[in-house]
Amino acid sequence: MSIAIAPRPTRRFSAAARGVFIDVPLSVLLSFVVVIVVVLMSVAPGLFTSYSAVLANPSTKFLAPSAQHWFGTDNLGRDEFARIVHGAGPSVGTALIAVGIGLFAGGLIGLAAGFIGGWVDAVLGRLVDTLLAIPAFLLAVVVVTGLGFDTLNAAIATGVSSVAIFARLMRAEVMKVRHTVFVESSYLQGGSRGYVLFRHVLPNAYRSVLALAVLQLGSAIIVIAALAFLGYGSPPPASDWGLLVADGQSYATAPWLVYGPAIVIVLTVLSINRISRWLRKTN
Amino acid sequence: MTDVAVLATDQLPGGAPGSWSRGRPYFVYALQRLAQAVLVILLAYALSFVLITILPGNAIATVLGNPQSGLSPAQIKHVESYYGVSKPVIVQLWLALSRFVRGQLGVSLVTHQTVTSLIGGALPYTLKLAGTALVVALILAAVIAYGSQYLPGKWARSVLRAAPSLFLSVPNFVIGLLLIHEFSFQLHIFDVLDPDSPVGTFFAALALAIPICAPLAEVLIANLDHESQQEYVLVARSRGLTQAKLFARHLVKPSMLPAVTIAALIVGELMGGAVITEEVFGRNGIGSVMYQAVSTQDTPVLQGVVALATVVFVVVNLIADLVAPLLDPRVRLRGGSRREVAAA
C-alpha cells in the first residue's frame, strides 16, 4: 500500500473555502470572529492588553472609558478591559468544561439507555427524569455548595445540571436510528453492536448533539456568570465576568464597570447562539 | 416548531406528550402520570440530599463545629441525633425521606426556626414576584409573536423575530441592573430602597420575565407561521375576516397547546431566576432565603427550598400533561370513549 498523503492542491482548497464562505451569512461570520477573539483572550490574554488585571494603581481610580482605558478603570485603578480579558478564561474556558461534562456523561447515559434498552433504559430514564425535576439553576447551586465556592466547581455544577438534557437528546437520536432499515441490514450482514454504533448511530446523532452542545455553551456561560455574580465562583481578585458585574454594581457613578463586562457577556453568548442556530438550520 | 422549541419540549420531566396515545383510557394515563410524579419528587429529594451530604464540604459538621454557632453542647447533641450525623449516609437518607413524606423539612442550623416556617414566611413575596413575572412573560411573548406576523414593515417584523434570541443571550442579573440603573437612578420611576412597591415589583418581574419569555415567543412565532399557511386561513380570509378577527378566532387556539407545555417548563426557570432577581433588587423571598442558606452553609434550609421548587415544578408539569389531551382533540387517547382522530 502506498502512503501518498500529498498536500491538497491549494487551488481546490481555496475553491472549497470560497464555497463555504459564500454559504455562510455575514452575521455568522461575525459571530465566529467574536468567538475566536474570546477564545484567544482566554488562551493568551497578554496578546490583548499590557495592563495587569490584579495590581492596584490608586492614581487612576474610576477613570471613564478612553483611548488608554477602553472600558475605564475600577475602584482600585485597574484597567477594566484588562480585567475582562483575563476573566475570559474563567468565564468561557470553564463553560467549555461544563459542556464537556454534560456532553460526555449525558451522551453516555443516553447512548446506554437507547442502545441497550430494557431495564437499563428504565433505570436511566428515571435518573434523567429526576435530574430534570430539579430546576437546573438550583441544581447547579446545590452542587456548587457541596463542592465549595470556586470557578472550576461552578463549571462542574453547571455541567451536572445539563447532563439530563444531553442524555434525553442522545437517547432520542439513538432510538431514531436504531429501527431504520440500514441499521437492521447492517446487523443482518453480521455487523457487531460496536460496529453499528460507530458506523451508523454516532455519525447520525452527532449533528444534532453538536448543535445542542453549542447552544448549551451559551447557556453555560450565562449560568457560570450568574453563579459568579452571586459569589459562588472564585473570590476576588479573580475577574470572572459575572463577578466583575457584581463588583461594578456597587459604584453607581461608574456605570461602565457594569456595562463593560455585561456587553462582553451578551456579545459572546449572542454570537454562540447565532452559530448554534446556523448549525441547526444547515442540518 | 423551531428547533429550540423541540429542544425545550425534549426536556419534559417524565414522559413527553407522545406517551398518552398507547390505547389507554384517560384515567389510567392520569394515574400512571401521577404515580410517576410522586416517584420523581421522592427521587429528586433523595438526590439533592445525597449531593449535599456526600460532597466534600460536610456542612452540618462545619456549622456545628464552628464555636460561633451559639449552640450549647446539649443543643449540638440534639441536632446531631436529629439528623443522624454519626450514622451511615443510607440511614440519614432514610431519616430525611421519612420526615419529608410527613411534610417535615427540618430545622435551620443558623436561625433555629423550622424550615417550613422560614419558607412559609418568604413564600408570599416570591409568589407575588413570580406570578407577576409569568403574566409579564406571557404578555411579552404574545405581543412579540403577534407583532412578528402583522406589524407593518418587514424591517420591524424581523426585529421582533430576532428579539427572542437576543433575550436568551442576556443574563437576567444584567437586565435587572440595567433596569435599576435607568429607571431608578436616572429616571426615578421607582425607589430601589422600597423594592416591594407595585412599581418596584413590576420592574423586578420584568427583569425575570425577559429571558423567560424568549422560548415561549419562539414557539408561538413558529406555530403562527405554521397555522397561517393552512388552507382554512385562506378560506377565512376570502370570507372577509379582518386580520385581528382571524388571529383571535382561528389562529390563537391551535397555537396555544405547545405553549401550555412550554409555559409549564419555564416555571422551573422562574424559580431559578428568582434567586438572582431577588438578590439584585434586594427583595425578600424564597430566593433570598436560599441565598443566605448557601452563604451560611445552612443545608436543611437549602434542601427545603430545592424540595419546594421541585414539587412546584413537577406538579405544574403534571397539570400541563393532564390538561393537554383535554385541550386538543388530535392528541386524545386512542381506544378511549372519545372519537378517534388521526394525529396530523
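Residues numbered from 1 in each chain as written. Chains lettered and ligands numbered in written order. Predicted model: local features only at pLDDT ≥ 70, side-chain atom pairs only at ≥ 80, totals over all residues.

### Notes on the overall build of chain A
The criterion, for reference: Strands are runs of DSSP state E lasting at least 2 residues, helices are runs of H or I lasting at least 4, and numbering of each runs from the N terminus. The exposure label follows from counting other C-beta atoms within 10 Å of a residue's C-beta, where the C-beta atoms are placed from the backbone and the thresholds are 20 or more for buried and 12 or fewer for exposed, leaving partly exposed in between. A pair of residues counts as a contact when their C-beta atoms, built from backbone coordinates, are separated by no more than 7 Å.
Each helix and strand counted, chain A has 10 helices and 0 strands in total. Scanning chain A from its N terminus toward the C terminus, one meets helices and strands in the order α-α-α-α-α-α-α-α-α-α. Across the 283 residues in chain A, those meeting the buried criterion constitute 47%. Contacts spanning at least 24 positions in sequence make up 69% of the contacts within chain A whose residues lie at least 6 apart.

### Things to note about the overall build of chain B
A tally of helices and strands in chain B yields 13 helices and 0 strands. Element order for chain B, N to C, with α for helix and β for strand: α-α-α-α-α-α-α-α-α-α-α-α-α. Of all 344 residues assigned to chain B, the portion counted as buried reaches 40%. The contacts in chain B between residues at least 6 apart in sequence include a share of 72% that link residues at least 24 apart.

### Quick notes on the confidence of the model for chain B
Residue and element names in this part refer to chain B. This is how the line gets drawn: Per-residue confidence from the predictor is reported as pLDDT, which spans 0 to 100.
Averaged over all residues, the pLDDT of chain B is 76; the fraction at 70 or higher stands at 77%. Per-residue pLDDT, averaged within each element of chain B, yields its smallest value for helix H1 (residues 3-10) (40) and its largest for helix H6 (residues 115-150) (88). Note on residues 1-20: pLDDT is under 50 here. Beyond four places in sequence and across chains, it has 49 contacts. The model gives residues 334-344 a pLDDT under 50, and that stretch makes 13 contacts with residues more than four places away or in other chains. Here the prediction assigns the complex a pTM of 0.82, and the interface score ipTM is 0.80.

### Concerning the interface of chain A and chain B
Convention followed: When residue character is reported, Ala, Val, Leu, Ile, Met, Phe, Trp, Tyr, Cys and Pro are called nonpolar, Asp, Glu, Lys and Arg charged, and the others, Gly included, polar.
Facing the 41 residues of chain A at the interface are 43 residues of chain B. A class-by-class count of the residues in the side of chain A that touches chain B yields 29 nonpolar, 7 polar and 5 charged.

### Some remarks on the nonpolar core
Defined as follows: Put simply, a nonpolar core is buried Ala, Val, Leu, Ile, Met, Phe, Trp, Tyr and Cys residues tied into one set by C-beta atoms within 7 Å.
Residues Ile 224 of chain A together with Cys 213, Leu 216 and Val 305 of chain B are the most contacted members of the largest nonpolar core, which totals 164 residues. Of the residues forming this core, the biggest block, 18 residues, is contributed by helix H8 (residues 193-229) of chain A. In this structure Leu 216 of chain B touches Ala 137, Ala 141, Ala 259, Ile 262, Ala 263 and Ile 266 of chain B, once residues within four positions along its chain are discounted.

### A look at the confidence of the model for chain A
When pLDDT is averaged along chain A, the result is 81, and 88% of the positions lie at 70 or above. Confidence drops under pLDDT 50 across residues 6-10 of chain A; counting only partners more than four residues distant or on other chains, this segment forms 1 contact.

### A look at the packing of helix H2 (residues 26-43) of chain A against helix H3 (residues 80-116) of chain A
Residue and element names in this part refer to chain A. The criterion, for reference: To get an axis, a line is fitted to the C-alpha atoms, and for a helix only the part in contact is used. The angle between two axes follows their N-to-C directions and goes from 0 to 180 degrees. Every angle not falling under 35 degrees, over 145, or within 65 to 115 is termed oblique; those three ranges are roughly parallel, roughly antiparallel and roughly perpendicular.
It is the contact of H2 with H3, at a shortest axis distance of 7 Å, that shows an interaxial angle of 105°. When the axis of H2 is compared with that of H3, the two are roughly perpendicular. When H2 is examined against H3, the residues Val 38, Met 41 and Ser 42 are found in contact with a partner set consisting of Val 85, Ala 88, Gly 89, Val 92 and Gly 93. Of the residues assigned to the contact of H2 with H3, the class counts are 5 nonpolar, 3 polar and no charged.

### Topic: unusual backbone geometry
Look at Gln 297 of chain B: it is not a glycine, yet its phi comes out positive at around 60°. Taking the number of C-beta atoms within 10 Å as the measure of exposure, Gln 297 of chain B has 20 and is therefore buried.

### Digging into the packing of H3 of chain A against helix H4 (residues 118-133) of chain A
Residues and elements named next belong to chain A. We count it as follows: In this scheme, a crossing is called left-handed if the near helix is turned counterclockwise away from the far one by less than a right angle; it is called right-handed if the turn is clockwise.
As a packed pair, H3 and H4 sit with axes 7 Å apart at the nearest point and diverge in direction by 145°. For the element pair H3 and H4, the recorded crossing hand is left-handed. Each of Ile 109, Ala 112, Ala 113 and Ile 116 in H3 lies in contact with H4, whose residues at this interface are Gly 118, Val 120, Asp 121, Leu 124, Gly 125 and Val 128. Partitioned by chemical class, the residues of the contact of H3 with H4 number 7 nonpolar, 2 polar and 1 charged.

### Considering the environment of Ile 189 of chain B
All names here are of chain B. Residue placement: Ile 189 occurs in the loop between helix H8 (172-186) and helix H9 (198-228). For Ile 189, a count of 13 C-beta atoms within 10 Å translates into the label partly exposed. Separated by 11 residues in sequence, Ile 189 and Gly 200 have C-alpha atoms that sit 8.8 Å apart. Among all residues touching Ile 189, those that are not within four sequence positions of it are Phe 183, Ser 184 and Val 199.

### Some remarks on helix H5 (residues 89-101) of chain B
The line we're drawing: To estimate how far a helix should reach, multiply one less than its number of residues by 1.5 Å.
When the terminal C-alpha atoms of H5 of chain B are compared, their 18 Å separation across 13 residues agrees well with the 18 Å that a helix rising 1.5 Å per residue should span. Once H5 of chain B ends, the next one or two residues include Gly 103 of chain B, with phi positive near 85°.

### Things to note about the environment of Leu 152 of chain A
On the secondary structure map, Leu 152 of chain A appears in helix H6 (residues 151-178). C-alpha separation for the pair Leu 152 of chain A and Val 39 of chain A, spaced 113 residues apart in sequence, amounts to 17 Å.

### Examining helix H12 (residues 286-295) of chain B
In terms of residue burial, H12 of chain B counts as a mostly covered element, since 7 of its 10 residues are buried. All buried positions along H12 of chain B are accounted for by Ile 286, Gly 287, Val 289, Met 290, Tyr 291, Ala 293 and Val 294 of chain B. Residues of H12 of chain B that are buried make contact with helix H5 (136-147) of chain A together with H6, helix H11 (243-281) and helix H13 (299-327) of chain B. Just downstream of H12 of chain B, Gln 297 of chain B is the residue with a positive phi angle, here 60°.

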